[in-house]
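# Architecture and fold: a report
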Amino acid sequence: MWGILRQKVGGATCLSPQGVGSHMLRLRPVTSALRNYSSAAKEMTVRDALNSALDEEMAADPNVFVMGEEVGEYQGAYKITKGLLDKYGPERVVDTPITEAGFAGIGVGSAYHGLRPVIEFMTFNFSMQAIDHIINSAAKSNYMSAGQINVPIVFRGPNGPAAGVGAQHSQCYAAWYGSVPGLKVLVPYSSEDARGLLKAAIRDPDPVVFLENELLYGESFPVSAEALDSSFCLPIGKAKIEREGKDITITAFSKMVGYALKAAEILKKEGISAEVINLRSIRPLDRATINVSVRKTNRLLTVEEGFPQHGVGAEICASVVEDSFGYLDAPVERIAGADVPTPYAANLERMAFPQIEDIVRAAKRACYRSGTMVATA
Amino acid sequence: MSLSGAKIIQPLCIRYPDMPVISDQAANCNTTSTPFLGSTRTLRRIQSVSAAQRRPASAIVAVADVVKEKKLKSNKNHLLTKEEGLEVYEDMILGRVFEDMCAQMYYRGKMFGFVHLYNGQEAVSSGFIKLLKKEDSVVSTYRDHVHALSKGVPARAVMSELFGKTTGCCRGQGGSMHMFSAEHNVLGGFAFIGEGIPVATGAAFTSKYKREVLKEADCDHVTLAFFGDGTANNGQFFECLNMAALWKLPIVFVVENNLWAIGMSHLRATSDPEIWKKGPAFGMPGVHVDGMDVLKVREVAQEAIGRARRGEGPTLVECETYRFRGHSLADPDELRDPAEKARYAARDPITALKKYLIESKLASEAELKAIEKKIDEVVEDAVEFANESPVPSRSQLLENVFADPKGFGIGPDGRYRCEDPKFTQGTAQV
């Protein structure tokens, strides 16, 4: 809720960029006693946010269970499910053999009968082994059965590139899953996003693909008291304006939101006021918020880590061109990962994904252009 | 009747000459056997085989289950009661007449797309599904009309679904290959082979979860997964055999081995064609049964379902059966040897059951004829009903995509699209 308020009000103190592993600057005097009362005081890592969300949902509803590789005794490959095995037992935190197709399908089958599984993929790259179940037996079932059988399942795990993990472990699946009707696809950025969206996903009666990011797990974000409440949920399908601006709209999701916010700081020094939208939800895409923003700023820059062709940015661009063409003062700029399988070498990998400089450069390009033909980025 | 977990795995060419095999249907015991499996291999029983008789352990012996032994009584007349016999007969006739009617309707253009018919395999469906309770689940493949009918979905609903009408069991949105019924616990209807197996395993997992975690102490629901010989080579199948045995899930894996996957013979596709052997490799009993004989299938089914209900874990049952028609109505069926087809046609399960019922005086010709007439009327009525039913209205296109339709997102006016009363009347562009 506080997050939504921020969207409308956009108070200055709340919008300073989130620190990358460093605490953000505070404008209020720091005394430990006061920190507990201010709404932005408590910090939480994304990992803890996800863990607490899972914990609370499992406590509230005995139908919820977690299934995946290493979720139990190993406490989770990325420690997201830490402590859950001790609390809830091996029947509710199920370690599986290495059989993505098998256990994704088992999750779907149990969801057909009303249980609420949370299926963890160690990374979403492995979901390709199970993609038939995510799409054909989960996403399409409510439709094929004409509403008789809905599938309240959540598929979650880290998505997108990490650091130096190579081509087969670095793909972003937001665009793939985002194109399938019947699925909901969520992409949290901050801890509050992680908590609210995961809780909403578990409570949702439809299949949800929940794309996290490995590099964000360890990052701390401030969380409000509302976000810590056990009934806190964020609405699915509403994006969040992380930073208000008036010269250019930058849409981003997951880790790129942090980069976009940093880029916005740099742009501010150069006199460009950027509005940063945290998409939060790839499907359904919040076209309304994006279009309202573009009509205000007249320029759009989409940022994502996935492959450029048929990506999320392509969809946003098409949507804006369809709805707000007359409002655009410059062609839509699209920043995506390089059109190559991810290289291993550190310097090559750095070149293969958007960096803050790329966002700044593209934003400047969009702002200085005035209707002339676009040179390919 | 014994279901042994201790099947000894041997290379294909070696038979079991020393094993006493008891046949209960003398008539069907002609051993016109192909090199593979013998078309008429009867139900295996391993009665107390002494260690001396058993082949030495050059092969892998499966996880030892208690070898159940039941002395076979003189059972020629007591395999099932009259009511059961008539019920099974009616179910098989319904399956056959319905599928024949489907073929007719397809060629008249009322049905379209992919339609896969079940003629010849009725013994498997009736033999297994008629033993289930309403709360037990069935998961099938694209050849699912008869599974749905056996489980209790009304013929009218299935026929309308095939015609694509809004009164179908899935309102016309599923079609031939996607029969779902929440009421009768028919969980589909999957076009991809092997896709239904993990889903069935999940349904069985739910049953166990309900009993152990949610403490519904009497939840003993069993799930049956039906699939074919081609699927037995698919990765998902093995993954689920492993997990089902590992977690002792209440599921029965039923292989309808009709020897052909479209035009690919099972022998050309499989390194070891004896599918039942894959069960013991994972620690569950594997049984092979003559799938053209409904009584044998029923006996095996009783044991397997009973095992699952008691919590003893899964079973793999391979039913050797045959489909009299092509793979689908679009398949000209040219690759199969007419002699083979004739051989199996002679073992038509319906004729066999009819003969048995009459010979053991469980039913008279007149009663059976009455059943056939009744089923003819049921199917005719179903066709009429389907013909007269309306096609889905335009607004149905966007319905049922999500259980929570807010999943369609927010419209340009800032409200959820689904809150707009005219939402489903629009085009498909959302």
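Because the structure is predicted, anything quoted here is derived from the model rather than measured. (Residues numbered from 1 in each chain as written. Chains lettered and ligands numbered in written order. Predicted model: local features only at pLDDT ≥ 70, side-chain atom pairs only at ≥ 80, totals over all residues. Heavy atoms only, no water.)

### Some thoughts on the packing of aromatic side chains
Evaluation of the coordinates by the stated rule reveals 21 aromatic pairs over all chains. Pairing F65 of chain A with F205 of chain B gives two aromatic rings, centres 5.1 Å apart and planes at 35°, and the pair type is tilted. Here F65 of chain A, found in strand 2 (residues 64-68), pairs with F205 of chain B, found in helix 5 (residues 196-212), and the two come from separate chains. Among the residues examined, F205 of chain B registers a relative accessible area of 8% and is labelled buried. Aromatic rings pair up to connect F103, F121, F124, F155, Y173, W176 and Y177 of chain A into one cluster. Over the face of the ring belonging to Y74 of chain A we find K79 of chain A, whose NZ or CZ atom lies 4.1 Å from the ring centre. The aromatic ring of Y416 of chain B is capped on one face by K238 of chain A, whose charged end is 4.8 Å from the ring centroid. (Phe/Tyr/Trp six-rings, centres within 6.5 Å; stacked < 30°, edge-to-face > 60°. Helix = DSSP H or I, 4+ residues; strand = E, 2+ residues; numbered from the N terminus. Buried < 20%, exposed > 50% of the residue type's maximum accessible area, 1.4 Å probe, protein only. Lys NZ or Arg CZ within 6 Å of the ring centre and 35° of its normal.)

### As for the sheet that holds strand 14 (residues 333-335) of chain A
Residue and element names in this part refer to chain A. The strand order across the open sheet formed by five strands is 9-11-10-13-14, and the pairing between neighbours is mixed. Each edge of the sheet is formed by a strand with only one pairing partner; in this case those strands are strand 9 (240-243) and strand 14. Strand after strand, the sheet turns through a mean of 25° between neighbouring axes, direction not considered. Sitting on the sheet, helix 15 (residues 356-368) touches strand 10 (248-252), strand 13 (300-303) and strand 14, and the angle it makes with strand 14 is about 170°. (Pairing = 2+ DSSP bridges. Axes fitted to C-alpha atoms, helices over the stretch in contact; angles between N-to-C directions. Contact = heavy atoms within 4.5 Å.)

### So, the environment of Y322 of chain B
All names here are of chain B. By secondary structure assignment, the location of Y322 is in the loop between strand 9 (315-320) and helix 10 (338-345). When the C-alpha atoms of Y322 and R347 are compared, they prove to be 9.6 Å apart, with 25 residues separating the residues in sequence. Within polar-contact distance, the side chain of Y322 engages the side chain of E340 at 2.5 Å. (Polar contact = N/O pair within 3.5 Å; in protein donor to acceptor, adjacent residues only side chain to side chain.)

### Re the confidence of the model for chain A
Residues and elements named next belong to chain A. Per-residue pLDDT for chain A has a mean of 88; in total, 87% of the residues score no lower than 70. Scored below 50 in pLDDT, residues 1-37 shows 53 contacts in the model against residues more than four places distant or in partner chains. Low pLDDT, under 50, characterises residues 370-377; the predicted model gives this stretch seven contacts beyond four residues in sequence or across chains. (pLDDT = per-residue confidence, 0-100.)

### Let's talk about the packing of helix 5 of chain B against helix 6 (residues 235-247) of chain B
Residue and element names in this part refer to chain B. Direction vectors running N to C along helix 5 and helix 6 enclose 15°, while the axes themselves pass 9 Å from each other. By the angle class used here, helix 5 and helix 6 are roughly parallel. Between helix 5 and helix 6 lies a crossing of left-handed hand. On the side of helix 5, the interface is formed by I197, P198, T201, F205 and K208, while helix 6 contributes Q236, F237, C240, A244 and W247. Of the residues belonging to the contact of helix 5 with helix 6, the class tally is seven nonpolar, two polar and one charged. (Parallel < 35°, antiparallel > 145°, perpendicular 65-115°, else oblique. Left-handed = near helix turned anticlockwise from the far one by under 90°. Nonpolar A, V, L, I, M, F, W, Y, C, P; charged D, E, K, R; others polar.)

### Considerations on the pattern of salt bridges
All names here are of chain A. All told, the structure shown has 43 salt bridges over all chains when counted by the stated rule. A salt bridge links R280 to D193, with the nearest nitrogen and oxygen atoms 2.5 Å apart. With R280 in the loop between strand 11 (274-278) and strand 12 (281-283) and D193 in helix 9 (residues 191-203), this pair connects stretches of sequence that are 87 residues apart. Note on accessibility: R280 and D193 belong to one class, buried. E333 is paired through a salt bridge with R365; the nearest N and O atoms lie 2.8 Å apart. One end of the pair, E333, is in strand 14; the other, R365, is in helix 15, with 32 residues separating them in the sequence. Its relative accessible area of 5% is what places E333 among the buried residues. Classification of R365 by relative accessible area gives partly exposed; the value is 28%. Taken together, the shared-partner salt bridges in this structure form one network comprising E56, E57, R195, K199 and R203. (Salt bridge = Lys/Arg side-chain N within 4 Å of Asp/Glu carboxyl O.)

### Things to note about the environment of E69 of chain A
All names here are of chain A. Mapped onto the fold, E69 is located in the loop between strand 2 and helix 4 (84-88). Classification of E69 by relative accessible area gives buried; the value is 9%. On a C-alpha basis, the gap between E69 and I119 in space is 9.3 Å, while along the polypeptide they are 50 residues apart. Residues within four places of E69 in sequence aside, it is in contact with T96, P97, I98, T99, E100, F103, E120 and M122.

### With respect to a negative patch on the surface
All names here are of chain B. A grouping of D376, E380, E384 and E388 is seen on the molecular surface, where their side chains present a negatively charged patch. Structurally, D376 is set in helix 12 (residues 365-388). Residue classification places D376 among the partly exposed residues on the basis of a relative accessible area of 39%. (Patch = residues over 30% accessible without salt bridge, like charges linked within 9 Å, V, L, I, M, F, W, Y side chains within 5 Å. Areas by Shrake-Rupley, 256 points an atom, 1.4 Å probe, with all protein chains shown as cover. Lys, Arg positive; Asp, Glu negative; His and termini not counted. Charge placed at Lys NZ, Arg CZ, Asp CG, Glu CD.)

### What to know about the interface of chain B and chain A
Across the boundary between the two partners, chain B contributes 53 residues, which contact 55 residues of chain A. Here chain B packs against chain A, burying approximately 4,100 Å² in sum over the two surfaces, 64% of which is carbon and sulfur. The largest share of the area that chain B buries against chain A comes from F180, Y209 and I410 of chain B, three residues that together contribute 14% of it. In this structure, the connection of chain B to chain A is made through one salt bridge. Note that K184 of chain A and D404 of chain B form a salt bridge whose closest N and O atoms lie 3.4 Å from each other. The tally of links between chain B and chain A comes to 19 residue pairs in polar contact (both at pLDDT 80 or more). For the side of chain B that touches chain A, the element with the most residues is helix 5 of chain B, which contributes ten residues. (Buried area = accessible area lost by both parts, 1.4 Å probe.)

### Thoughts on the nonpolar core
Judged by nonpolar contacts, the single largest core of 125 residues is most densely connected at F155 of chain A together with M159 and F253 of chain B. The greatest single-element share of this core, amounting to 13 residues, is contributed by helix 1 (residues 82-107) of chain B. Setting aside residues up to four positions removed in sequence, M159 of chain B forms contacts with F98, M101, M111, V379, A382, V383 and A386 of chain B. V64, I250, I272 and A366 of chain A belong to the second largest nonpolar core, which has 59 residues in total. (Core = buried A, V, L, I, M, F, W, Y, C linked by side-chain atoms within 4.5 Å.)

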